[in-house]
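Each chain, written out:
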2 protein chains.
Amino acid sequence: MTSVSSPPERLFELWGEIKDLLSAQELLHWDQETQMPPRGLEGRSQALSMLAGLHHEKLCATELGDVLEACSELVEEGRGSSQEGLDTQVLAAQVEEARRQVNQATKVPLALAKELAELQSTGLAAWLEARERQDFSSYQPFLERMIELKRQQAEALADGGHLYDALLDEFEPGLTEQELVPLFDQLREALGELVRETVESGHQVDEGAIEGNYPDSGQLALGRHLAEAIGFDFKAGRIDASAHPFCIGISRGDVRLTWRSERNDLRPAVFGILHEAGHGLYEQGLPAEWDRTPLGASVSLGIHESQSRLWENLVGRSRAFWHWALPELHRTFPEARDLTVETLWPALHAVRPSLIRVEADEATYNLHVAIRFDLERKLFAGALEVKDLPLAWDDAYEALLGVRAENPADGVLQDIHWSLGSFGYFPTYTLGTLAASQLFEAAKAELGDLDEAFRQGEFQPLLAWLREKVHLHGCRFKTQELLQRSTGRTLSPDDFLRYIRTTTEEVYGL
Amino acid sequence: MTSVSSPPERLFELWGEIKDLLSAQELLHWDQETQMPPRGLEGRSQALSMLAGLHHEKLCATELGDVLEACSELVEEGRGSSQEGLDTQVLAAQVEEARRQVNQATKVPLALAKELAELQSTGLAAWLEARERQDFSSYQPFLERMIELKRQQAEALADGGHLYDALLDEFEPGLTEQELVPLFDQLREALGELVRETVESGHQVDEGAIEGNYPDSGQLALGRHLAEAIGFDFKAGRIDASAHPFCIGISRGDVRLTWRSERNDLRPAVFGILHEAGHGLYEQGLPAEWDRTPLGASVSLGIHESQSRLWENLVGRSRAFWHWALPELHRTFPEARDLTVETLWPALHAVRPSLIRVEADEATYNLHVAIRFDLERKLFAGALEVKDLPLAWDDAYEALLGVRAENPADGVLQDIHWSLGSFGYFPTYTLGTLAASQLFEAAKAELGDLDEAFRQGEFQPLLAWLREKVHLHGCRFKTQELLQRSTGRTLSPDDFLRYIRTTTEEVYGL
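As the structure is a computational prediction, the values presented were derived from the model and not from experiment. (Residues numbered from 1 in each chain as written. Chains lettered and ligands numbered in written order. Predicted model: local features only at pLDDT ≥ 70, side-chain atom pairs only at ≥ 80, totals over all residues. Heavy atoms only, no water.)

K.L.:
Could you give an account of the overall build of chain A, naming the residues involved and the relevant values?
P.N.:
Tallying secondary structure elements over chain A gives 20 helices and three strands in all. Against the 2.2 N^0.38 benchmark of 24 Å for 510 residues, chain A shows a C-alpha radius of gyration of 23 Å, consistent with a compact globule. Dimensions of chain A, computed from the C-alpha atoms along their principal axes, are close to 70 × 55 × 50 Å. A buried classification covers 56% of the 510 residues belonging to chain A. For chain A, restricting intrachain contacts to residue pairs at least 6 apart in sequence, the fraction spanning at least 24 positions comes to 74%. Carbon and sulfur atoms form 48% of the exposed surface of chain A, whose accessible area is close to 20900 Å². Mean positive and mean negative side-chain charge positions of chain A (48 and 84 charges, respectively) differ by 2 Å. (Helix = DSSP H or I, 4+ residues; strand = E, 2+ residues; numbered from the N terminus. Rg over C-alpha atoms; globule rule 2.2 N^0.38 Å. Buried < 20%, exposed > 50% of the residue type's maximum accessible area, 1.4 Å probe, protein only. Contact = heavy atoms within 4.5 Å. Areas by Shrake-Rupley, 256 points an atom, 1.4 Å probe, with all protein chains shown as cover. Lys, Arg positive; Asp, Glu negative; His and termini not counted. Charge placed at Lys NZ, Arg CZ, Asp CG, Glu CD.)

Structure representation (structure tokens):
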């Protein structure tokens, strides 16, 4: 059956099947969050576990290994596939990315993978209950076991290398702890100082201007309008309500956003939708020619987050954007007609040191991440025991943000991630923040000041730049190489720190 | 890995995976009809084709064949599995149903299966275009090829047996052409006569009473209310809009209905929802103990249709039902307050010989089916050529219903089924009609007259009877045995003909 296919052709056939399985899994997940009736849970869990098993099987299949070997030989001989005129360097990158995923699937013993999957499920339930009861101790043994299993997994994946790097690799291929530590040191110092200055300034941002009574239908209409304006294609996507907003790519032509709203505050809906639409633009912009191949995917969570934060914060919170968008807001909500760019803008940049990461502002958000990055590294280095984690958490918040949780639900139990075994995940949020600013500055350096375009509702020049520099490369270049190529340097906090300081100084009159 | 499982345990593990794959496919289909953005089609088709291939692979797997063999040996030795206390007869039925499906998958050569799948896709497109252009001739070669391929498929499945029975078997396991022919003869004669009498009576049913201006939201609210009242569990299901209403079981706990509406007529929404909810009650009532096993499924399309038609027509079009339901209709649509049971009821039983099957009333519907049953048998028997089909169609309509299509879109091109290769499918609609009446009469014979319960909105006694007699047996008993057990005799047109004559005589004063 395979005799007619060249090795690259066969690789793409096999990978297409793997992507089809992923696509089905994504749809089942989306449906579970947005549509599924409560009693569908048992059947859905079974179907998802079945599909995950098949996906693992296909990644571990002997034929795929053989085909990758045959493709490697073509690469070594310096030729792609003459039939298809495949570029040898591209083929090499395809093989490398495929191998990376195959390795992640094959290196972890099956028994460990199964125990991890089970612990994710029981650990999640234990976390939910512990948070509900505001009691860390009942959750402690699950977290201890999770860290033990994740350490085993990291050891299997690291091949003698650094453990935390193996954890990072799941979300941010190629990035290392060594690269991240100085970034976070710099952020901790600069943002800590900035936040202190805002507190000491005694200035209070008036956020009352944006409060009102906003029916859901209007919020959704406005959000859709903004998402469409920045380029999201609703013929290749849709938007639905969910408790926790997300974006999911079922296929290149089917990218789905979700949103949530608060009745008296437009910001969760508007900036949530801009954020998810930013993710969605990336998914819709992935290269058609590499669809269903290893390279036809996003680079990493960090680069994905750079797209969402760029549109949400650097575009969506700009004065120029609201010069264009405010008339639409007024049309949708006539009672908000007194809202002006000058009353709105400060409310989009208020700094409020707080306990909860997902409610944090742009200035303090990365301090929340820095705390998690420190604590999880200590846990894996054996420098912190799980039983001491709650106190370490509260102390870190007090030291860095000047706030202390009154109960663990507002502290160490607030995030779902660790209960699912996602260690090395939080740093990608900060990576996204930094990369967003770096890309935005590079775009402006090439395109000229974009404010005038935004004032006219013209976002196409920026999107076209992102398509060319980021989206259309799929995951051919990993994070640092992509940034080097698109911005002329590797990841740096400079652009973000300059942006956040300038903005904050203006808002707080520093 | 399989050493710890007994053969029956392993059978159910393997079958669970097959059902999980089906469940994923069902969800992808549902999503395509109700949610998917237009540009998602390409990716969706790929994912569905991949899942269908995996499903076929799993049915043909050597291990499944071996396990079925081992289970058969246990059955022959007169024991199920001592560990589980499995009933030997039940195990025998499980093995028989599994083998039936395995045979359907393995007996058809892979090349033929693939060509059929391709022709379904191209044939569907050709049918859509031909209907649009009202031109049968462009579609003719596709239908000819489809009949040729379906003949080959039926030959492969029939093992020297009767070809049309092999076609029927896909939808109605065990039923034969020989059983159906006399039923349709009787229906054709009795219904033809009844329809003639209504035409000759000169009586016109006043359907104006039910016409009005009904916003969608009210129609959906009313439909949901009725579906819930007859027992549909929305914690284990949901309802969405779609162009063509259907019911789909994703899992026992996740059964989905769809509906459509007409602004000026409540009937499409109300009776459509009752119809699909009848299907849904069956899916929600399948035996929990056999979930994800071969027997944990519905018997056939015909028995499925008996459940939908029973609730839609025999319950939903009864006076007693509307004595209870009308106040809710009045609450939902205050402008319809003049509607009474006595003005409404005749409008639910009007007889109007017409060209379009899906718009047909209860009396003429089965004549539409009879025409298709005759024509498709002739096509497969070689007694009718495809090029002569349009004329044969129009002549049959004129003879039986006194109407003649002015163009093929209202005639031979109106149904999608043949373009998908579904021959032997149409008879299941009539089988459902007959079985519905037969089951309803048997229920009343056991439970006493149900009208008083319906007037109180009590549908639980009827549902409980259907659960016990039909739903909870899964597909352990095939159609004729199930009817014999639940109604004391095999399929007969008598109850339906008595019902439709009595009702029609009253409405038309015959």
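K.L.:
Break down the pattern of salt bridges for me, with residues and values.
P.N.:
Counted according to the given criterion, the structure contains 92 salt bridges over all chains. In this structure, Arg44(A) and Asp254(B) form a salt bridge, with 3.4 Å as the shortest nitrogen-oxygen distance. You can see Arg44(A) sitting in helix H2 (residues 41–59) and its partner Asp254(B) sitting in strand S3 (residues 254–259), one on each of two chains. Put simply, Arg145(B) and Glu115(B) hold a salt bridge, and the shortest N to O gap is 2.5 Å. Placement of the pair is Arg145(B) in helix H6 (residues 140–158) and Glu115(B) in helix H5 (residues 110–133), with a sequence separation of 30 residues. Classification of Arg145(B) as partly exposed rests on a relative accessible area of 34%. Overlapping salt bridges bring together Glu177(A), Asp185(A), Arg188(A), Asp374(A) and Arg377(A) as one network. (Salt bridge = Lys/Arg side-chain N within 4 Å of Asp/Glu carboxyl O.)

K.L.:
An account of the sheet that holds strand S1 (residues 237–241) of chain A is requested, with residue identities and associated values reported.
P.N.:
Residue and element names in this part refer to chain A. Ordered by their spatial adjacency, three strands build an open sheet running S1-S3-S2, and the pairing between neighbours is mixed. The sheet is open, and its two borders are formed by S1 and strand S2 (247–251), each paired with just one other strand. Shown here is a sheet whose adjacent strand axes are inclined to one another by a mean of 20°, direction ignored. With five bridges connecting them, S1 and strand S3 (residues 254–259) associate as parallel partners. Looking at the pairing, Ile 239 lines up with Leu 257 of S3. (Pairing = 2+ DSSP bridges. Axes fitted to C-alpha atoms, helices over the stretch in contact; angles between N-to-C directions.)

K.L.:
Quick one: what's the story with the packing of helix H14 (residues 362–381) of chain A against helix H15 (residues 389–401) of chain A, residue by residue and with numbers?
P.N.:
All names here are of chain A. Here H14 crosses H15 at 145°, and the two axes come no closer than 10 Å. For the pair H14 and H15, the sense of crossing is right-handed. Contact with H14, carried on its side by Thr 364, Leu 367, His 368, Ile 371, Arg 372, Leu 375 and Leu 379, involves Leu 389, Ala 392, Trp 393, Ala 396, Tyr 397, Leu 400 and Leu 401 of H15 and no other residues of that element. The residue inventory of the contact of H14 with H15, partitioned by class, reads eleven nonpolar, two polar and one charged. (Left-handed = near helix turned anticlockwise from the far one by under 90°. Nonpolar A, V, L, I, M, F, W, Y, C, P; charged D, E, K, R; others polar.)

K.L.:
Describe the sheet that holds strand S2 (residues 247–251) of chain B, with residues and values.
P.N.:
Residues and elements named next belong to chain B. With mixed pairing, three strands are arranged side by side in an open sheet as S1-S3-S2. Two strands in the sheet have a free side with no partner beyond their single neighbour: strand S1 (237–241) and S2. Sheet twist, expressed as the average angle between the axes of neighbouring strands with direction ignored, equals 20°. Taken strand by strand, helix H10 (residues 267–284) contacts S1, S2 and S3, and its axis lies near 165° from that of S3.

K.L.:
Any details on the nonpolar core? Residues and values, ideally.
P.N.:
Among the nonpolar cores identified, the biggest contains 127 residues, and Leu310(A), Trp311(A), Phe321(A), Trp322(A) and Leu462(A) are the most heavily contacted of them. Ranked by the residues each element gives to this core, the list is headed by H14(A), at ten residues. Other than its neighbours up to four places away in sequence, Phe321(A) contacts Leu226(A), Ile230(A), Leu274(A), Val315(A), Gly316(A), Phe454(A) and Phe459(A). Core analysis: the next-biggest nonpolar cluster, separate from the first, contains 126 residues, Leu344(B), Phe373(B), Phe423(B) and Leu431(B) among them. (Core = buried A, V, L, I, M, F, W, Y, C linked by side-chain atoms within 4.5 Å.)

K.L.:
Hey, could you go over the relation of the copies chain B and chain A for me, with residue numbers and the actual values?
P.N.:
Two copies of a chain can be linked by a rotation about an axis combined with a shift along that same axis. Screw-axis analysis of chain B against chain A gives a translation of 0.0 Å along the axis, an RMSD of 0.0 Å, and a rotation angle of 180°. Given the turn and translation reported, the copies of this chain are related as if by a two-fold rotation axis. Using C-alpha coordinates, one finds that chain B approaches the rotation axis most closely at Ala24(B), a distance of 3.5 Å. Interface residue correspondence from chain B to chain A reaches 100%, placing this contact among same-surface, isologous pairings. (Least-squares fit on C-alpha atoms with pLDDT ≥ 70 in both.)

K.L.:
A description of the interface of chain B and chain A should follow, citing residues and the corresponding values.
P.N.:
By a widespread convention, an interface's size corresponds to the accessible area lost as its parts come together. Of the residues lining the interface, 37 residues belong to chain B; the matching set on chain A comes to 37 residues. A combined buried area of about 2800 Å² lies between chain B and chain A, and 59% of that area is made up of carbon and sulfur atoms. On inspection of chain B and its partner chain A, the count reaches six salt bridges. Viewed at the interface, chain A and chain B are joined by 14 residue pairs in polar contact (both at pLDDT 80 or more). Among the elements of the structure, helix H1 (7–34), helix H2 (41–59), S1, S2 and S3 of chain B are those that each provide at least two residues to the side of chain B that touches chain A. (Buried area = accessible area lost by both parts, 1.4 Å probe. Polar contact = N/O pair within 3.5 Å; in protein donor to acceptor, adjacent residues only side chain to side chain.)

By themselves, these figures tell us nothing about what the structure is for.
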